[in-house]
Amino acid sequence: MTPDIKPIVAGNWKMNGSCGSESMVRELVAGFDQQLQGKLDMAIFPPAILMALVASWTKGSAIAVGTQDCHANESGAHTGDTAAEMIASADGTMVLTGHSERRVDHNESDADVAAKSEAAWRAGLVSVICIGELEAQRRSGETLDVLGKQLAGSVPGGATSANTIVAYEPVWAIGTGLVPEASDVEEAHAFIRKTLVERFGDEGAKMRILYGGSVKPGNAGELMAINNVDGALVGGASLKSADFLGICEAYRTMA
Ligand code: PGA
């Protein structure tokens, strides 16, 4: 946690869910009660084709929705892509940029991620910019170098605490059940905070920095209590309402 920063727990459905996911989403709406809303924000990132439907199910609740990617351009001949403006027009308010699976599956570079993040801002969306080291980079002691390069290349100069959230996701921890030592999470988040403050001053001090990678109800309390961890980006455990709410519950008793 960071004093005076309201955390956010975000669910990345990846390529999961369907038009039949309504009851699961309604359980989230019901479970995200006033007390929890006072402690944290919640967002869900379904596949683009489902986002408008999910937004209709969450309408009137405190749950934000967004997509897992956007194109840098506003419109045009880009078959299969989704513009940030379309996300906004479908009641989305956020978008993930630079998730490691996009960086690997679609060869997205830091420059691509920066362009997508600026597109998100152009449409009035919050960009959740994802960074994280590979297992080999962690083993060879390059983690902070990698994070520094990704932050420099992926987070554009116009970032503010209102339009940007940074998600630290060690790639080797995603979907594996492996979680870094608390001290390693603390070190990475402290480094990210320092880098953001150097670059963005007060705005960098207020920006939310999420941890992602095998967050579950059983480890959320410990992870979310670490300095400069301002919430979670959750994959697998966001697909069941009980698990996702179980992660949010870690905040109920936190000061
Ligand atoms: P995981 O995924 O929670 O299944 O590890 C996290 C993510 O990729 O955002």
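Residues numbered from 1 in each chain as written. Predicted model: local features only at pLDDT ≥ 70, side-chain atom pairs only at ≥ 80, totals over all residues. Heavy atoms only, no water.

It is worth spelling out the pairing of strand S8 (residues 231-234) at this point. Judged by which residues are buried, S8 turns out to be covered on both faces: Gly231 and Leu233 on one side and Ala232 and Val234 on the other are all buried. Inspection of the sheet shows strand S1 (residues 8-12) paired to S8 by 4 bridges, in the parallel sense. Along S8, the bridge assignment pairs Ile8 with Gly231. Taken together, the 2 bridges between strand S7 (residues 208-212) and S8 define a ladder with parallel strand orientation. By the bridge assignment, Gly212 is partnered in S8 with Leu233. (Buried < 20%, exposed > 50% of the residue type's maximum accessible area, 1.4 Å probe, protein only. Helix = DSSP H or I, 4+ residues; strand = E, 2+ residues; numbered from the N terminus. Pairing = 2+ DSSP bridges.)

A few words now on the packing of helix H6 (residues 110-122) against helix H8 (residues 143-154). One can describe the packing of H6 onto H8 by two numbers: an axis separation of 7 Å at closest approach and a directional angle of 45°. Classed by the angle they form, the pair H6 and H8 counts as oblique. Along its contact with H6, which presents Asp110, Ala111, Val113, Ala114 and Ser117, the element H8 presents Lys149, Gln150, Gly153 and Ser154. Classifying every residue of the contact of H6 with H8 by side-chain character gives 3 nonpolar, 4 polar and 2 charged. (Axes fitted to C-alpha atoms, helices over the stretch in contact; angles between N-to-C directions. Parallel < 35°, antiparallel > 145°, perpendicular 65-115°, else oblique. Contact = heavy atoms within 4.5 Å. Nonpolar A, V, L, I, M, F, W, Y, C, P; charged D, E, K, R; others polar.)

What follows concerns the nonpolar core. In terms of nonpolar packing, the biggest core is built from 62 residues, with Ile44 and Ile192 touching the most fellow members. Setting aside residues no more than four positions away along its own chain, Ile192 makes contact with Ile131, Leu147, Leu151, Val166, Tyr168 and Ile209. One finds Ala43, Phe45, Ala64 and Ile165 within the second-largest nonpolar core, a separate group that totals 14 residues. (Core = buried A, V, L, I, M, F, W, Y, C linked by side-chain atoms within 4.5 Å.)

Take the side chain of Ser21 next. Examined against the element boundaries, Ser21 turns out to sit in the loop between S1 and helix H1 (22-31). Given a relative accessible area of 12%, Ser21 falls into the buried group. From its side chain, Ser21 meets the backbone nitrogen of Ser18 in a polar contact 2.9 Å long. When neighbours within four sequence positions are excluded, Ser21 is seen to be in contact with Trp13 and Trp57. (Polar contact = N/O pair within 3.5 Å; in protein donor to acceptor, adjacent residues only side chain to side chain.)

This brings us to the side chain of Lys116. In this fold, Lys116 is placed in helix H6. Residue contacts for Lys116: discarding those within four places in its chain leaves Asp69, Cys70, His71, Ala72, Thr97, Arg102 and Glu108.

Here we come to the site of the ligand. What surrounds the ligand is a group of 13 residues, the closest being Lys14, His99, Glu169, Gly175 and Ser214. Note that an oxygen atom of the ligand is positioned 2.7 Å from one of the side-chain N or O atoms of His99. Gly235 places a polar main-chain atom, nitrogen or oxygen, 2.8 Å from an oxygen atom of the ligand. For the ligand, whose accessible area on its own is 280 Å², the fraction buried by protein is 97%. Class assignment of the residues belonging to the shell around the ligand gives a composition of 4 nonpolar, 7 polar and 2 charged. (Near = heavy atom within 4 Å. Areas by Shrake-Rupley, 256 points an atom, 1.4 Å probe, with all protein chains shown as cover.)

Any link to function would need more than the numbers given here.
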